[in-house]
Amino acid sequence: MMLTRNLMVLVVVLGAMTAGADECKESPWGADDQIGAANRLSPENVLAAANLIKKGETHPLGIVIEPGMPAFPPRYTQLQVVQPNQQFGKSMAPAVGWDASANDDVVQMWLGTGPQLDGLGHMGEAGMFYNCNRGEDFAEITGLTRLDTSQVPPIVARGVLINMAKHLGVASLDAGQPITSEQLKAAMADQNITVGSGDVILIHTGYTDATLKSNPEVWGSTIPGITNEAAVFLAAFEPVAVGADTWGLGAVPPMEGDRVFYDHVVLLKDNGIYILETMDTGRLARESVSEFMFVLGQARLKGAVQMIINPVAMW
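Structure report, in brief. (Residues numbered from 1 in each chain as written. Predicted model: local features only at pLDDT ≥ 70, side-chain atom pairs only at ≥ 80, totals over all residues. Heavy atoms only, no water.)

**Some details on the nonpolar core**
Within the largest apolar cluster, 75 residues are counted, with the highest numbers of intra-cluster contacts made by Leu184, Ile226, Tyr274, Leu276 and Phe292. Those residues in contact with Phe292 that lie beyond four places of it in its chain are Leu52, Ala157, Arg158, Gly159, Val160, Leu161, Leu202, Leu284, Ala313, Met314 and Trp315. (Core = buried A, V, L, I, M, F, W, Y, C linked by side-chain atoms within 4.5 Å. Buried < 20%, exposed > 50% of the residue type's maximum accessible area, 1.4 Å probe, protein only. Contact = heavy atoms within 4.5 Å.)

**So, empty space enclosed by the protein**
Throughout the structure, instances matching the rule amount to three cavities of 30 Å³ or more. Approximately 40 Å³ is the volume found for the largest cavity. (1 Å grid on protein atoms, 1.4 Å probe; cavity = no way out; pocket = protein on both sides within 12 Å on 5 of 7 lines; lining within 4 Å. Points joined across faces, edges and corners; volume = space filled by probe spheres on them.)

**Some thoughts on the packing of helix α9 (residues 228–235) against helix α10 (residues 262–271)**
Put simply, α9 and α10 touch, their axes get as near as 8 Å, and they point 30 degrees apart. When the interaxial angle is binned, α9 and α10 end up roughly parallel. Once α9 is placed against α10, the crossing between them reads as right-handed. Between α9, through Asn228, Ala231, Val232 and Ala235, and α10, the contact on the second element is made entirely by Tyr262, Asp263, Val266, Leu267 and Asn271. Looking at side-chain class alone, the contact of α9 with α10 contains six nonpolar, two polar and one charged residues. (Axes fitted to C-alpha atoms, helices over the stretch in contact; angles between N-to-C directions. Helix = DSSP H or I, 4+ residues; strand = E, 2+ residues; numbered from the N terminus. Parallel < 35°, antiparallel > 145°, perpendicular 65-115°, else oblique. Left-handed = near helix turned anticlockwise from the far one by under 90°. Nonpolar A, V, L, I, M, F, W, Y, C, P; charged D, E, K, R; others polar.)

**Quick notes on the side chain of Ser27**
Within the fold, Ser27 resides in the loop between α1 (2–16) and α2 (43–50). Owing to a relative accessible area of 5%, Ser27 belongs among the buried residues under this scheme. Apart from residues no more than four positions distant in its own chain, Ser27 is found in contact with Asp33, Tyr130 and Asn131.

**Considerations on the pattern of salt bridges**
Going through the model one piece at a time under the given rule, you end up with eight salt bridges. A salt bridge links Glu57 to Arg283, with the shortest nitrogen-to-oxygen separation between them at 2.8 Å. In this pair, Glu57 sits in the loop between α2 and β1 (58–60) while Arg283 sits in helix α11 (residues 282–286), placing the two residues 226 residues apart along the sequence. With a closest N to O distance of 2.5 Å, Arg158 and Asp199 form a salt bridge. (Salt bridge = Lys/Arg side-chain N within 4 Å of Asp/Glu carboxyl O.)

**Focus: the state of the cysteines**
This model, assessed by the stated rule, comprises one disulfide. Paired by a disulfide, Cys24 and Cys132 hold their sulfur atoms 2.1 Å apart. Between Cys24 and Cys132, the disulfide has an S-S torsion of 90 degrees and is therefore right-handed. Taken together, the residues Cys24 in the loop between α1 and α2 and Cys132 in the loop between β5 (128–129) and β6 (133–134) connect sequence positions 108 residues apart. Overall, the relative accessible area of 40% leaves Cys24 in the partly exposed class. (Disulfide = S-S within 2.5 Å.)

**Some words on the pairing of strand β11 (residues 200–204)**
Burial analysis of β11 places five of its five residues in the buried class, the great majority of the element. Neither face of β11 is open: one carries Val200, Leu202 and His204, the other Ile201 and Ile203, and all of them are buried. Where strand β9 (residues 155–163) meets β11, five bridges bridge the pair, whose relative direction is parallel. The residue bridging Ile162 from the neighbouring strand is Ile203, located in β11. Bridge analysis of β11 against strand β13 (residues 241–244) gives four bridges, and the strand direction is parallel. Residue pairing for β13: Val200 is matched across the bridge by Ala241. (Pairing = 2+ DSSP bridges.)

Written as C-alpha cells, this is what we have:
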C-alpha cells in the first residue's frame, strides 16, 4: 500500500508543476548566490545561540536510520559489514605486521532517507530552482554542479520548537492532518515562542514517535504537516531552516486546494530556506524545551542534493 500511495502522490506533484518555467525570483544575496538563507548565519547569532545553554543538556535530533526502514520510493537503505582481505580465514599480518582483525562497512542508500537536510537543488518548479537556476544546467548524473549541500556552511543558530501536538492536546497529530498558519500562530502565542531572522524552526507533531515502530507502513505513506500557506507564513520569519518530525514537512496527502510538497517550492526555490526532515523532537517536547542552540555540520559530499544528518540541540 505504501508504494502505491506514494507513487500516486508523486503523480499528483508532477501534475502540479505546470506554468512558471520562465518565472524566477533572484536571490537577495545576488545572482551568483548558492547558499540562500545560510547567508543569515552570523557570529552574532552564534554567540546569542550559545547563551541559550543553561543546563549543559544535549540531544541528537537525527533518528536512528535502519536498513529496510520505510522511505519514499524508490529510496532505500542497505548496509553490509565486511572483513576486507580476511576472506577464508586469511590473516592481515602479512600486510600490517601483526594479527589484526577488522570490520568495514559498505552502505547503499538514497541520501533522502531518514533524518535529512534538503538542499536548495532538491526541488523546484517546471525545471526552475533557487535563484533562477535551471535543472538542465546544473543537475548532472554525477552530481549537482550548483546548489549542492557541500556548500552549506555549518548551521549554528538559535533553534525553536513549536509543539503542535501539545497545542492541539494530543500525543500525535493524525495522518494527513494539515497545520495552518493560524494554528502555528496560536501555538507560538500559547508557548511564548518568537522567531528571529537566522533561526531554525522545528515543528513537533508526535507522529514519528507514535507511528514509525508501531505502524511503519502508515508512517511511510501519509503524514501530518504544514499547508502551502503555512509555508509562506514561516518563510516570512526569515529562518535558515524549517523542519519537523516527519519525512516530508508538508501534509501528505495535502488538504483540498493545496499542492502536495509545494511547501518545498515555497521554502527551497522561492526563499532559499533549507528543510530538515524526520527530526527527533520527542525529548524536546517532553521536557518543554522551546528554544535551544542548534548545531549542524553535515557531511560535505560534493554534488549531493540531500544529506543524512544528525544535528544536535543544546540547552
